[in-house]
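# Analysis of the macromolecular model
What follows is the residue order along each chain.
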Number of protein chains: 2
Amino acid sequence: MAESCQLLVHNAAAIVDWSADNQTYTALAAKDGKVVALGDSREILANWKPKQTMDAHGGLVVPGLIDAHTHPVFVVGRAEEFDWRAQGVDYLEIAQRGGGILSSVRHVRAASAEELLFHVRRHFQGMRQHGTTALEAKSGYGLSVESELASLKAIQAAADEEGMQVSATFLGGHMIPQEYREQPEDYVDLLCKEMLPAVVEQGIAQAADVFIEEGAFSLVQARRFATCALEHGLQLRIHADQFHELGGVQMAVELGAQSVDHLEALSDSGLEALALSGQTFAGLLPTVPHFLRQKQDAPARKLLQAGVPYFVATDFNPGSSYTPSLPEAAHFARIRLNLTAEEALWGMTEGAAKSLGWSQKGHLRPGADADLLILDLPDLFHFGYAFGENPVRAMVIGGEPLACSS
Amino acid sequence: MAESCQLLVHNAAAIVDWSADNQTYTALAAKDGKVVALGDSREILANWKPKQTMDAHGGLVVPGLIDAHTHPVFVVGRAEEFDWRAQGVDYLEIAQRGGGILSSVRHVRAASAEELLFHVRRHFQGMRQHGTTALEAKSGYGLSVESELASLKAIQAAADEEGMQVSATFLGGHMIPQEYREQPEDYVDLLCKEMLPAVVEQGIAQAADVFIEEGAFSLVQARRFATCALEHGLQLRIHADQFHELGGVQMAVELGAQSVDHLEALSDSGLEALALSGQTFAGLLPTVPHFLRQKQDAPARKLLQAGVPYFVATDFNPGSSYTPSLPEAAHFARIRLNLTAEEALWGMTEGAAKSLGWSQKGHLRPGADADLLILDLPDLFHFGYAFGENPVRAMVIGGEPLACSS
């Protein structure tokens, strides 16, 4: 007798479930929002009686993509700076013209709660259209008590409205805001004594983040903020070793951070610290050096060879990685980091989920959340091969098919 | 009295018409497939009585994109080679494993006419979805009389079926096929004595193309083929200076070619030849060095400064640029070639059209073909800023709106 279930997907080229059994499945059954069975199409069709059936028409089925590093709380892209740079205008002059990250801060501070919600929803929709079914979202263009709280509330409200699973990260430590330029320590005080307590009291963030870099936060300032965040019960996700190695990786490992992201300037000792930890994920963001015209990439193959857990994310933001698409990030992971299609996909499914503590997501083994994509690809080799093109043909979240506009 | 017309588009952020008058228009009227008026929305709405009206909702209106260098006659992407390269397998070993361009030749030779038509249509649809309204399409994965003719016929049939304006190029000189490896001169004989006459007799190509490169065709072989092509009344579009400077640019200029494409290895003397010619277009293909992980790009800024006419294209093909998207190519033109948004867009509209001899296309001045896009962009600065994302919201060809699935 066939057992009833919520959804049956069949006729896939293959289902990437990340089980270790090396079997190729072509069909899947979901019940109560969870994967309950995998098998070949004939077997699953015979054993299950679904409310809804989806024919994958020979497409590839993969777990819903998870973007573990995004900055969606912004108002507008900084596109004009791009043309300035093409004409040889340097970073300093761009800042003098009112460009750069503090330009995004001005826009976010000037936006109403409704406007912020509108833009965060729009960005979530763009990401979902390209296959993202769950994500991490950072604040960090507010840099004041009021505007950081507003940013995190916009993330929460947008997640609710869009039915998107989101882990929010308080990135008060993104940059020293203009009004604290001469007294950066006072801003760290503000972060620790006012912003962190308010964020935690309102329960609107799961993690805290700080950008350790020349022109942003020193290692000492970052450690103070990170320690406060831990005392307040937040997880840590850290921006480090993007342009300069300032010891942020070692600090992140020492403090048990969930992840340390960027790593284009990672040294061998930083790599060793990550390998010894085995807990702190390396956040690989291969679209960023592309967008910033940097030569140097994170030493991804060395990290993988050393067994460091990793994820691959878009770093979606208005100034240094203006793409909502994880399939596009996979392309850059293959081109720039020499990851295989399988490694790239793992990094934006199971790797991303693990880094966020989501054991039921990022894979399709029985018991997993039934979040999945049907891709217009003949095989896994083609994942991240095309660029500028969206391979998502259909999407399922919690066992429910979603209409796809792309 | 309002005059009747076919279509009225209004409420644009701006219309990029490439007129020299520096006016910003927000509305346009089309009649009998042609642009008849530009103005502000109030003025155009008052003066014209259209059969159909399109509200651009504040999006940017640009001429339909024109892809002046594509290879759409292939069966399948060469994605597995990508993973092999990531694992350090070199070019030679890939060829030994049966990969590379001759692998695409095997697939095309084995395909039936119906299969070829299916794939070319699929590729045209993908390009159109990303804003391409007219294009140049090359054969070149047949490399036999039968299979080159079949490729060109598939281009013609797909153009008819899809209602796509296509200029076909006979690229018999793409590579020496396996069976002529030891007697390349015999293949040049075949090209000149059998293939060119047959192509011209059937009237299925407007131009001929040859790849001048180590491992492909020597300058002497290429000149022989190009001279035969000219004698048969075909235009020339030439692949040259991609990896090595072998004199192909100078030859292309001397023979009055429409374009010479790639140019990553262009020398100052090649640049001078192009600048002196003023007729032969530089074909810029910025996605290719990205896809091949090459450091060197074409010296685009020098070419523009020297007044060389140019276009920007995708080089859509299965092995070295797997993207159907001109907006994506614009992103790479901005990132890698330091073109401004305006320069990139000109190169895939008016520049591309001029290189193909299409004076009515590529711009929206009165009298132009009413081929246009409504883009989901607030201004021209944002064209090519995002990547991995399709900005096309709606499309008009010959004054008729097309349903857009993206």
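Data block above holds the structure.
The model shown is predicted, which means the values in this text are computed figures rather than measured ones. The residue numbering used here restarts from 1 in each chain and proceeds along that chain's sequence as written. To label them, take the chains in the order written and letter them from A, then take the ligands in the order written and number them from 1. In view of the model being predicted, local features appear only for residues whose pLDDT reaches at least 70, and side-chain atom pairs are presented and counted only at 80 or more, with totals across whole chains, interfaces and linings using the full set of residues. In computing side-chain values, all of the structure's heavy atoms are included and hydrogens and water are not.

## Overview of the overall build of chain A
Secondary structure elements are defined from DSSP: runs of H or I of at least 4 residues count as helices, runs of E of at least 2 residues count as strands, and each element is numbered from the N terminus. A count of helices and strands for chain A gives 15 helices and 17 strands. By the compact-globule yardstick of 22 Å for 406 residues, chain A fits well, its C-alpha radius of gyration being 21 Å. Note on classification: 1.4 Å probe, protein chains only; a residue is buried when its accessible area is under 20% of the maximum for its type, exposed when over 50%, partly exposed between these limits. Burial status across chain A gives 64% buried among its 406 residues. Should any heavy atoms of two residues lie within 4.5 Å, those residues are considered in contact. At a minimum sequence separation of 6, the contacts of chain A that also span at least 24 residues come to 73%. Summed over its atoms, the accessible surface of chain A is roughly 14,700 Å², and 50% of this surface lies on carbon and sulfur atoms. His is not counted, nor are the chain ends, whereas Lys and Arg count as positive and Asp and Glu as negative. A charge is said to be at NZ when it belongs to Lys, at CZ for Arg, at CG for Asp and at CD for Glu. Both charge centroids of chain A, one from 30 positive and one from 51 negative side chains, sit 3 Å from each other. In this description the radius of gyration comes from C-alpha coordinates, and the expected globular size is given by 2.2 Å times residues to the power 0.38. Shrake-Rupley sampling with a 1.4 Å probe provides the accessible areas, and residues are treated as covered by the protein chains on show and by no other component.

## Digging into the environment of Glu328 of chain A
Considering the arrangement of structural elements, one finds Glu328 of chain A in helix α13 (residues 326-337). Along the primary structure Glu328 of chain A and Ala386 of chain A are separated by 58 residues, whereas in three dimensions their C-alpha atoms are 8.2 Å apart. Those residues in contact with Glu328 of chain A that lie beyond four places of it in its chain are Thr323, Phe387 and Gly388 of chain A together with Glu328, Phe387 and Gly388 of chain B. At 2.9 Å, the side chain of Glu328 of chain A forms a polar contact with the backbone nitrogen of Gly388 of chain A. Polar contacts here mean pairs of N or O atoms no more than 3.5 Å apart (in protein, one a potential hydrogen donor and the other a potential acceptor; neighbouring residues in sequence count only if both atoms are side-chain atoms).

## Structural notes on the packing of helix α5 (residues 113-129) of chain A against helix α6 (residues 145-162) of chain A
Residues and elements named next belong to chain A. The axes used here are C-alpha line fits, helices contributing only the stretch in contact, and every angle between their N-to-C directions lies in the interval 0 to 180 degrees. One can describe the packing of α5 onto α6 by two numbers: an axis separation of 9 Å at closest approach and a directional angle of 50°. Considering the angle they form, α5 stands oblique to α6. Where α5 crosses over α6, the handedness of that crossing is right-handed. Facing Leu116, Leu117, Val120, Arg121, Phe124, Gln125 and Arg128 of α5, the residues of α6 in contact are Ala150, Ser151, Ala154, Ile155, Ala157, Ala158, Ala159, Glu161 and Glu162. A per-class count over the contact of α5 with α6 returns ten nonpolar, two polar and four charged. Any angle from 65 to 115 degrees is called roughly perpendicular, while one under 35 is roughly parallel, one over 145 is roughly antiparallel, and all others are oblique. Throughout, a crossing is termed right-handed when the near helix is turned clockwise from the far one, and left-handed when it is turned anticlockwise from it by less than a right angle. Residues are grouped as follows: nonpolar covers Ala, Val, Leu, Ile, Met, Phe, Trp, Tyr, Cys and Pro; charged covers Asp, Glu, Lys and Arg; every other residue, Gly included, is treated as polar.

## A word on helix α10 (residues 268-277) of chain A
Residue and element names in this part refer to chain A. Those residues of α10 that sit buried are Gly270, Leu271, Ala273, Leu274 and Ser277. Each buried residue of α10 sits inside an arc of 160° when the element is viewed along its axis, so together they form one side. Opposite the buried face of α10, at more than 90 degrees from it, the exposed residues are Asp268, Glu272 and Leu276. Among the structural elements, α9 (248-254), β12 (259-262) and α12 (300-305) are those in contact with the buried residues of α10. Among the residues trailing α10, Gly278 stands out with phi positive, at a value near 70°. Of all possible arcs, the one meant is that of the directions from the helix axis to the C-beta atoms.

## Considering the sheet that holds strand β3 (residues 27-31) of chain A
Residue and element names in this part refer to chain A. In this description, strands pair whenever DSSP reports at least two bridges between them. One open sheet holds the four strands; their spatial order is β4-β3-β1-β5, and the pairing between them is mixed. Two strands close off the open sheet at either side, each with one partner strand: β4 (34-39) and β5 (48-55). In this sheet, neighbouring strand axes are inclined to one another by 30° on average, regardless of whether the strands run parallel or antiparallel.

## Here we look at the environment of Ala95 of chain A
Residue and element names in this part refer to chain A. You can see Ala95 is positioned in helix α3 (residues 91-96). Its relative accessible area of 43% is what places Ala95 among the partly exposed residues. For the pair Ala95 and Glu81, spaced 14 residues apart in the sequence, the C-alpha separation amounts to 9.6 Å.

## What to know about the sheet that holds strand β16 (residues 392-397) of chain B
All names here are of chain B. Read across the open sheet, the five strands follow the order β2-β6-β15-β16-β17; overall the sheet is mixed. In this open sheet, the two edge strands, each paired with only one partner strand, are β2 (14-15) and β17 (400-402). When strand β6 (residues 60-63) meets strand β15 (residues 372-375), the two strands line up antiparallel, connected through four bridges. Each residue of the ladder has a partner; that of Pro63, found in β15, is Leu372.

## Thoughts on the pattern of salt bridges
In what follows, salt bridge is the name for a side-chain nitrogen of Lys or Arg lying within 4 Å of a carboxyl oxygen of Asp or Glu. Under the criterion given, the structure shown has 44 salt bridges over all chains. Lys34 of chain B is the salt-bridge partner of Asp369 of chain B, the closest N and O atoms lying 2.5 Å from each other. With Asp369 of chain B in the loop between α15 (350-355) and β15 and Lys34 of chain B in strand β4 (residues 34-39), this pair connects stretches of sequence that are 335 residues apart. Taking the relative accessible area as the measure of exposure, Lys34 of chain B reaches 29% and is therefore partly exposed. Taken together, the shared-partner salt bridges connect Lys34, Lys361, Asp369 and Asp371 of chain A into one network.

## Focus: the interface of chain B and chain A
Tallying the contact residues gives 42 residues for chain B and 42 residues for chain A. Two parts placed together each lose some accessible area under a 1.4 Å probe, and adding up what both lose gives the buried area. Together, the buried faces of chain B and chain A total about 3,600 Å²; carbon and sulfur atoms form 62% of this surface. When the buried area of chain B at its contact with chain A is split by residue, Ile335, Tyr385 and Phe387 of chain B rank highest and sum to 21% of it. Viewed at the interface, chain A and chain B are joined by two salt bridges. One salt bridge connects Asp83 of chain A with Arg334 of chain B, and the closest N-O pair in it is separated by 2.8 Å. Scanning the region where chain B abuts chain A turns up 26 residue pairs in polar contact (both at pLDDT 80 or more). Sorting the residues of the side of chain B that touches chain A by element identifies α2 (79-86), α11 (287-291) and α13 (326-337) of chain B as the ones contributing at least two each. Taken together, the residues of the side of chain B that touches chain A break down into 16 nonpolar, 17 polar and nine charged.

## Re the nonpolar core
The term nonpolar core refers to a set of buried residues drawn from Ala, Val, Leu, Ile, Met, Phe, Trp, Tyr and Cys, joined through side-chain atoms within 4.5 Å. Counting 220 residues, the largest nonpolar core has Phe124 and Ile238 of chain A together with Phe124 and Ile238 of chain B as the members making the most contacts within it. If sequence neighbours within four positions are ignored, Phe124 of chain B has contacts with Pro72, Leu135, Ala137, Ile155, Ala158, Ala159, Glu162, Met164 and Val166 of chain B.

## Considerations on the pairing of strand β12 (residues 259-262) of chain B
All names here are of chain B. Two strands pair when backbone bridges link them, and strand β11 (residues 235-240) and β12 are joined in this way by four bridges, in the parallel orientation. By the bridge assignment, Ile238 is partnered in β12 with Val260. Handedness is read with the strands pointing away from the viewer; a crossover is right-handed when the path from the first strand over the helix to the second is clockwise. Between the parallel elements β11 and β12, the chain passes through helix α9 (residues 248-254) in a crossover that is right-handed. Direction of pairing for β12 relative to strand β13 (residues 281-284): parallel, over a ladder of three bridges. Residue Ser259 lies in a different strand from β13, and its bridge partner there is Phe281. Assessed by its sense of winding, the connection that carries the chain from β12 through helix α10 (residues 268-277) to β13 is right-handed.

## Details of the relation of the copies chain B and chain A
Of the two same-sequence chains, chain B is brought onto chain A (RMSD 0.0 Å, axial shift 0.0 Å) by a rotation of 180°. A rotation of that kind, with that shift, is consistent with a two-fold axis. Nearest to the rotation axis, the C-alpha of Gly388 of chain B is located 2.0 Å from it, this being the minimum over chain B. The fraction of interface residues of chain B whose copies in chain A are also interface residues reaches 100%, indicating that both copies meet through the same surface. Copy-to-copy alignment: least squares on C-alpha atoms, limited to residues at pLDDT 70 or above in both.

Scope: geometric values only; no functional claims are made or implied.
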